[in-house]
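Read off the chains here:
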Amino acid sequence: MRPSVPTILVVGDGLAGCLIAWELYIRGCPFTVWSDGSPAASDVAAGMSNPVSFKRILPQWNAKEQQDEARARYQLIESHLETVLWRDVPIVRVFPNREYADRWAERAAGGHGVSPFIETMDDADLHESIKAPHGAGLVPDAGWVNVVALTEASRTKWQGLGRWEQRTWNMTDGCPEGFDAVVDCRGTGAVEDLAAFGLELRKNHGEVLRVKPAADWGERIVNNVTWALPLGDGTYRVGSTYRWDIHEPICLDESPAALMQGAANARAIAQEMQCIEHRAGLRPTCFDRRPILGVVSKEHPHYHACVGWGTRGVTIGPTVARWTIEALLGEREAVPDEVHPKRFPTFTEN
Ligand SMILES: Cc1cc2nc3c(=O)[nH]c(=O)nc-3n(C[C@H](O)[C@H](O)[C@H](O)COP(=O)(O)OP(=O)(O)OC[C@H]3O[C@@H](n4cnc5c(N)ncnc54)[C@H](O)[C@@H]3O)c2cc1C
């Protein structure tokens, strides 16, 4: 006999709620999305997918698998929504000093975990606007997702199917009537409820700009710690800031000048740029930069967390949404240990 299919409440409709809902929709599982319209990190996300950690020139966690799955998933959603969401956009990394340049060249030559993801570049390959006194390297296999277009178009689709409501939900609401399980995609909205289980979800404040430079900056993302991402209409997303001491999604007066100076430092000629937009959000983040997935309490077996997507929600999202739903549906025994709540030393399962 075919096991009965549970009806699932998805709480939150940022990127996490969106990708969970798509995972369910594609499988034909019944679901409804509730979201209360509180500020979402996903409304601010630049949307970059970068397989390389530039600080120490290392591959990101499961970089190849996650990025391949992400690209395929966004392209599948594109086909349902009939809109373009994913673009392949290489990243040019401007080297900060000679030592970094030498390490990049050594690793690009092969034999290192990051080698498949990075290449060296000749000065002649650089866009004429770029200033790189110590040289630059290339991450050819990077991408960009229009997160706002994705979440908005998905919301419209669920609304059209009668599967979306503007409603709030908290742990004390339990599993509402008519549902068999709740998937919590509240981002930083889950901080207080998860703290009750010893799970610390931290708010990482970040800001981004949209700027219009007087001259063209080319069609690749340029990263000199500050990054500039081409949006294809002569404007660029520039970011971002990272602060642990601000717990509201507020825009700081001093940030536009600092970010524009950072972007200007990678350019050969000083030029005017106009700031068109300035936004702030709170990244939901865990101590080890991995999300929290799955059941957190024997007393609340209906509750499944899918939070803590941190700085890399775009890339990890499709994989971790799949793990969450596979565990919920019993297709796998549990989520992998690396994203399981039990990895928190403070976790109190009850
Ligand atoms: C400045 C900045 C730049 C970023 N750039 C990138 C990038 O380039 N690449 C990348 O991969 N990631 C980036 N990120 C990170 C990315 O934004 C996050 O990983 C991702 O958006 C988190 O999505 P989420 O759905 O978990 O949370 P959110 O987007 O915050 O969504 C939470 C949802 O829950 C709802 N909600 C909250 N509480 C309740 C409640 N009680 N009841 C009902 N609904 C509720 C909210 O309204 C919202 O819909 C960036 C983030 C910031 C701030």
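It should be emphasised that the depicted structure is a prediction, and the values quoted were computed from it without experimental measurement.

Calculation rules
Residues numbered from 1 in each chain as written. Predicted model: local features only at pLDDT ≥ 70, side-chain atom pairs only at ≥ 80, totals over all residues. Heavy atoms only, no water. Helix = DSSP H or I, 4+ residues; strand = E, 2+ residues; numbered from the N terminus. Rg over C-alpha atoms; globule rule 2.2 N^0.38 Å. Buried < 20%, exposed > 50% of the residue type's maximum accessible area, 1.4 Å probe, protein only. Contact = heavy atoms within 4.5 Å. Pairing = 2+ DSSP bridges. Axes fitted to C-alpha atoms, helices over the stretch in contact; angles between N-to-C directions. Near = heavy atom within 4 Å. Polar contact = N/O pair within 3.5 Å; in protein donor to acceptor, adjacent residues only side chain to side chain. Areas by Shrake-Rupley, 256 points an atom, 1.4 Å probe, with all protein chains shown as cover. Nonpolar A, V, L, I, M, F, W, Y, C, P; charged D, E, K, R; others polar. Domains from an automatic or database assignment. Buried area = accessible area lost by both parts, 1.4 Å probe. Salt bridge = Lys/Arg side-chain N within 4 Å of Asp/Glu carboxyl O. Phe/Tyr/Trp six-rings, centres within 6.5 Å; stacked < 30°, edge-to-face > 60°. Lys NZ or Arg CZ within 6 Å of the ring centre and 35° of its normal.

Visitor: Is there a simple way to explain the overall build of the chain in this structure?
Guide: Check the secondary structure of the chain and you find seven helices and 19 strands. Relative to the 2.2 N^0.38 estimate, which gives 20 Å for 350 residues, the radius of gyration of the chain is 21 Å and therefore close to what a compact globule would have. With the principal axes as the frame, the chain shows a C-alpha extent of 65 × 45 × 40 Å. Counting across all 350 residues of the chain, residues that qualify as buried make up 53%. When contacts within the chain are restricted to residue pairs at least 6 apart in sequence, long-range pairs at least 24 apart make up 75% of them.

Visitor: What am I meant to see in the sheet that holds strand 10 (residues 143–145) here?
Guide: Strands in a sheet are paired, the pairing made by backbone hydrogen bonds, and the direction either parallel or antiparallel. Strand order in the open sheet formed by three strands is 3-10-6, with antiparallel pairing between adjacent strands. Looking at the sheet topology across the chains shown, the edges are occupied by strand 3 (48–49) and strand 6 (86–88). Bridge count between strand 3 and strand 10: two bridges; the pairing is antiparallel. Paired with methionine 48 across the two strands is tryptophan 144, which belongs to strand 10. In the packing of helix 2 (residues 63–81) onto the sheet, contacts are made with strand 3, strand 6 and strand 10, and the angle to strand 6 comes to roughly 130 degrees.

Visitor: Just to check I follow, could you spell out the site of the ligand for this structure?
Guide: By nearness alone, 37 residues border the ligand, and Ala16, Ser38, Ser42, Gly310 and Val314 come closest of all. The backbone of leucine 15 places a nitrogen or oxygen atom 3.2 Å from an oxygen atom of the ligand. When the ligand is considered free in solution it has 1000 Å² of accessible area, and contact with the protein chains removes 96% of it. Mapped onto the shell around the ligand, the elements with two or more residues apiece are helix 1 (15–27), strand 13 (202–213), strand 17 (273–285) and helix 7 (313–328). For the shell around the ligand, the element with the most residues is strand 13, which contributes three residues. When the residues that make up the shell around the ligand are grouped by side-chain class, the tally is 14 nonpolar, 16 polar and seven charged.

Visitor: Sorry, what's going on with the side chain of threonine 241 here?
Guide: The topology assignment puts threonine 241 in the loop between strand 16 (236–239) and helix 6 (255–264). In terms of polar contacts, threonine 241 uses its side chain to reach the backbone amide nitrogen of glutamate 207, at 2.8 Å. Residue contacts for threonine 241: discarding those within four places in its chain leaves His205, Gly206, Glu207, Ser255, Leu259 and Arg283.

Visitor: What should I look at first to understand the domain arrangement of the chain in this one?
Guide: You'll often see interface size given as the accessible area lost when the parts meet. Parsing the chain into structural domains produces domain 1 (8–46 + 147–191 + 288–343), domain 2 (58–143) and domain 3 (203–285). Inter-centroid distance (C-alpha atoms) of domain 1 to domain 3 is 28 Å. Across the boundary between the two partners, domain 1 contributes twelve residues, which contact 14 residues of domain 3. In this assembly, domain 1 packs against domain 3 so that about 1100 Å² is buried in total across both faces, 73% of it on carbon and sulfur atoms. The largest contributions to the domain 1 side of the interface with domain 3 come from Val44, Ala46 and Thr188, which together make up 45% of the buried area. For the pair domain 1 and domain 3, the number of links is zero salt bridges. On inspection of domain 1 and its partner domain 3, the count reaches three residue pairs in polar contact (both at pLDDT 80 or more).

Visitor: In this structure, what is going on with the packing of aromatic side chains? I would like to understand it.
Guide: What describes a pair of aromatic rings is the distance from one ring centre to the other and the angle between the planes of the rings. Under the counting rule described, the total for this entry stands at 14 aromatic pairs. By the ring-pair criterion, three or more aromatic residues cluster together here, those being Trp22, Tyr25, Phe31 and Trp158. The cationic tip of arginine 167 hangs over the ring face of tryptophan 34; the distance from NZ or CZ to the ring centre is 3.9 Å. Positioned above the aromatic ring of tryptophan 244 is the side chain of arginine 202, whose terminal nitrogen or guanidinium carbon lies 4.2 Å from the ring centre.

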